[in-house]
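# Chain and residue survey
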Amino acid sequence: MSGWRLTLRQLPVLRVDLRGITPAALAGLSTAEVERLPLGCGNASLPLAEFFAVARHGDDALAFDGDLSRFDRLGWQMAGGRIQVEGSVGHYAGGCMSAGELVVKGHAGLLAACEMAGGTLTIEGNADDFAAGTLPGSMDGMRGGLLVVKGNAGTRFGDRMRRGTALVFGDAGDFLASRLVAGTIAVGGRVGAHAGYGMRRGSVIFANAELLPTQLATFVPALASADVFWQLLARDLAGRGAPFAGLASRPTERYLGDLGAGGKGELIFVR
Amino acid sequence: MSAPWQRNGVIVDDSFAEAFPMKATRILITGHTREWARHAAVAATGLATSVIGCGCEAGIERELAPAQTPDGRPGFAVLLFAMSGKELAKQLERRVGQCVLTCPTTAVFSGIDDGEAIALGRNLRFFGDGWQISKLIDGVRYWRVPVMDGEFVAQESTAVVKGVGGGNLLLLCRDTDSALAVATAAVRAMQALPNVVMPFPGGVVRSGSKVGSKYAALSASTNDSFCPSLFGLVAHSELTPETRCVMEIVIDGLSEADVGAAMRAGMHAGIAIGAAGGLLRIAAGNYGGKLGPFHFHLHKLLGDGGPP
């Protein structure tokens, strides 16, 4: 089989850049070739074997074992295949990925799924700030695919996000969906202040409406229902996980805004 | 013509229906209530009996329970057929724009996944005057257009597939009452099958046509061979003195097998009524087999599975 298992030898002192280590890049290589792949560490380039024990394994996935919280850009620009990490990962996990599946059993650092364009990124733990957001200086954040955070998300979740679906099963920090261009964000738990700040379009769903954000000064209540759209979306979300199951049968309350940015976005509170 | 082949006293011609390739699509129309979904479906399939004068042929394929629709509301599946994909796209946009977008509470979705995409809500969205919103849900794009009762939701596109149009049965009956009863029973049997519509009023057409006319401007004219009022007047009448009323059922389907199955079901329903009920003969319309690639031989359709 063509799968690989990379087991962390020990936590590195400096941060390590894992860009280029994707299932496609490793396909067809020998064990020795994989061990010699260069990884950026500080201002040096070190062979992969300095950090990981390399072994083949039974399925096609690229599996990482260990705490990779000092390893950044895991799955960076990934365009297919499957990566599974049995621990936490560093910053930029799944950044710019366009296809495939990335599963992180632990937590993810800053900017997870930033500018992600396709595929699925699942983070079983928490995601730090700016997940599904944009790279510094770029206009658009996440632009396709599915991000699932089963724990909590930090601040600025979905900043400048343009397309795709991003879900948080737990709580989300301040400025959720700030400057959202479009796309769908759903949160199962509590939400911090200023949700939807500067959002232009897009839908933000609060599956636990008892926890309303208090500041909605730049949003107006929607007088008309959007039942058809809601049924389409709620049925899709229902299959994504427990916080979103049963949404379709619950009443909703919509607010339109941000009026400071055109007002074509919506906040949907599920009762 | 071979010797008469009878089932339950009904003569079944050793003949065939000749059908043509068409372009087809299915859309699903839903509404807040069954009634409003039906209003839209009926309107969207209005004036769609024949491509000769309507641009397309269309009909309600079946009613959908809430559990069968994308938005969980009652709805109807509608099939549309045209002679080209371009004409189908034009008719679809016009009919959905005028009859579904306008109808209270309705939404419209594609009913076919595979095939070349044609616009469903893609152009209608501009009715929203900039307030329209796109939503991509599970890989499918929908348009939400603000309207006075809330919003009109339309899937961006539907798919065009190859269809078969012009399958037909001619039901030669004793009188008007029996002809209507037989035709109604046949249509009802066909409506129970998927992937077909009978586009004429009530599924039945009484103005069967032949190719050509004594008037140069007309490409088709009344099928005088089957007109009881012309029996004894035209030299080539197909009728007998007992045949006082003839009805035709035209069938459009998504495949040759679907049209064949519908014709078979219609014949079985007619034969079940039998000569005692007024059905004297079943025939089919064709052009000598030279124009249409699909030939539905009546005897073959009845085959082994037919009633004695």
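Being a predicted model, the structure only gives us computed values, none of them experimental. (Residues numbered from 1 in each chain as written. Chains lettered and ligands numbered in written order. Predicted model: local features only at pLDDT ≥ 70, side-chain atom pairs only at ≥ 80, totals over all residues.)

## A short note on the overall build of chain B
A tally of helices and strands in chain B yields six helices and 17 strands. A compact globule built from 308 residues would reach a C-alpha radius of gyration of about 19 Å, and chain B, at 21 Å, matches this within 12%. With the C-alpha coordinates aligned to their principal axes, the bounding extent of chain B is approximately 65 × 45 × 30 Å. Expressed as a percentage of the 308 residues in chain B, the buried residues total 46%. A separation threshold of at least 6 residues defines the contact pool for chain B, and within that pool the share at least 24 residues apart is 73%. (Helix = DSSP H or I, 4+ residues; strand = E, 2+ residues; numbered from the N terminus. Rg over C-alpha atoms; globule rule 2.2 N^0.38 Å. Buried ≥ 20, exposed ≤ 12 C-beta atoms within 10 Å, placed from the backbone. Contact = placed C-beta atoms within 7 Å.)

## Observations concerning the interface of chain B and chain A
Listed per partner, the contact involves 15 residues of chain B and 13 residues of chain A. Every element with two or more residues in the side of chain B that touches chain A is listed here: β8 (133–137), β9 (140–147) and β10 (150–155) of chain B. For the side of chain B that touches chain A, the element with the most residues is β8 of chain B, which contributes four residues. Here the residues of the side of chain B that touches chain A are counted per class, giving eight nonpolar, two polar and five charged. (Nonpolar A, V, L, I, M, F, W, Y, C, P; charged D, E, K, R; others polar.)

## Here we look at the packing of helix α1 (residues 34–44) of chain B against helix α3 (residues 85–100) of chain B
Residues and elements named next belong to chain B. Direction vectors running N to C along α1 and α3 enclose 140°, while the axes themselves pass 9 Å from each other. Judged by the angle between their axes, α1 and α3 are oblique. α1 and α3 meet at a crossing whose hand is right-handed. Touching Ala40, Ala43 and Ala44 of α1 are Arg95, Val96, Cys99 and Val100, all from α3. (Axes fitted to C-alpha atoms, helices over the stretch in contact; angles between N-to-C directions. Parallel < 35°, antiparallel > 145°, perpendicular 65-115°, else oblique. Left-handed = near helix turned anticlockwise from the far one by under 90°.)

## Overview of the nonpolar core
In terms of nonpolar packing, the biggest core is built from 173 residues, with Ala131 and Leu147 of chain A together with Ile29 and Leu171 of chain B touching the most fellow members. The element contributing the most residues to this core is helix α5 (residues 256–273) of chain B, with nine residues. Residues lining this core come from more than one domain, with at least three contributed by each of domain 1 (6–19 + 163–302) and domain 2 (23–161) of chain B. Excluding residues within four positions of it along the chain, Ile29 of chain B makes contact with Ala37, Ala40, Ala41, Ala44, Gly75, Phe76, Val78, Val100, Thr106 and Val108 of chain B. (Core = buried A, V, L, I, M, F, W, Y, C linked by C-beta atoms within 7 Å. Domains from an automatic or database assignment.)

## Some thoughts on the packing of helix α4 (residues 176–191) of chain B against α5 of chain B
Residue and element names in this part refer to chain B. Packing of α4 against α5 brings their axes to within 8 Å, and their N-to-C directions diverge by 140°. Judged by the inter-axis angle, α4 sits oblique to α5. Here α4 runs over α5; the crossing is right-handed. Here Ala181, Val182, Ala185, Ala186, Ala189 and Met190 of α4 lie close against α5, whose contacting residues are Ala262, Ala265, Gly266, His268, Ala269, Gly270 and Ile273. Within the contact of α4 with α5, the residues separate by chemical class into 10 nonpolar, three polar and no charged.

## Some remarks on the environment of Pro293 of chain B
Tracing the sequence through the fold places Pro293 of chain B in the loop between β16 (279–283) and β17 (294–297). Pro293 of chain B sits 272 residues away from Pro21 of chain B along the chain, and the two C-alpha atoms are 7.6 Å apart.

## So, the sheet that holds strand β3 (residues 38–41) of chain A
Residue and element names in this part refer to chain A. Judged by pairing direction, the sheet is mixed, and its four strands sit side by side in the order β4-β3-β2-β7 without closing on themselves. With one partner strand each, in any of the chains shown, β4 (44–47) and β7 (71–72) form the two edges of the open sheet. Bridge count for β3 against β4 is four bridges, and the pairing is antiparallel. When the bridges of β4 are listed, Cys41 appears paired with Ala44. (Pairing = 2+ DSSP bridges.)

## Observations concerning the environment of Gly292 of chain B
Residues and elements named next belong to chain B. Secondary-structure assignment places Gly292 in the loop between β16 and β17. Owing to 19 C-beta atoms within 10 Å, Gly292 belongs among the partly exposed residues under this scheme. When the C-alpha atoms of Gly292 and Ala17 are compared, they prove to be 9.3 Å apart, with 275 residues separating the residues in sequence. In this view, Gly292 contacts Glu18, Ala19, Phe20, Gly166 and Tyr287; residues no more than four positions away in its chain are not counted.

## A word on the domain arrangement of chain B
All names here are of chain B. If you check the domain split of chain B, you get domain 1 (6–19 + 163–302) and domain 2 (23–161). Taken over C-alpha atoms, the centre of domain 1 sits 30 Å from the centre of domain 2. Listed as interface residues are 10 residues of domain 1 and, on the opposing side, 13 residues of domain 2. Counted by class, the side of domain 1 that touches domain 2 contains seven nonpolar, two polar and one charged residues.

## Focus on the environment of Ala261 of chain A
All names here are of chain A. If you trace the backbone, Ala261 turns up in the loop between β16 (252–257) and β17 (265–270). The class for Ala261 is partly exposed, based on 18 C-beta atoms found within 10 Å. Each C-alpha atom of the pair Ala261 and Ala132 lies 20 Å from the other, and the pair is 129 residues apart in sequence.

## Remarks on the pairing of β10 of chain B
Residue and element names in this part refer to chain B. Burial within β10 is extensive, with five of its six residues counted as buried. Summarising the sheet, β9 and β10 pair through six bridges and their orientation is antiparallel. Bridging from a neighbouring strand, Pro146 pairs with Glu151 of β10. Adjacent in sequence and paired antiparallel, β9 and β10 are bridged by two residues.

## Remarks on unusual backbone geometry
Glycine aside, residues mostly have negative phi angles, and peptide bonds mostly take the trans form. A cis amide bond links Gly257 of chain A to the next residue, Asp258 of chain A, at an omega of -5°. Following the sequence through the fold, Asp258 of chain A ends up in the loop between β16 and β17.

## Things to note about α4 of chain B
Residue and element names in this part refer to chain B. For α4, spanning 16 residues, the distance from its first C-alpha to its last is 22 Å, which sits close to the expected 22 Å at 1.5 Å a residue. Among all positions in α4, only Ser178, Ala179, Val182, Ala183, Ala186, Val187 and Met190 are buried. Seen end-on, α4 carries its buried residues on one side only, within an arc spanning 160°. Where α4 is buried, its residues meet β11 (157–173), β12 (196–197), β15 (245–253), α5 and β16. (Expected span 1.5 Å × (residues − 1). Arc of directions from axis to C-beta.)

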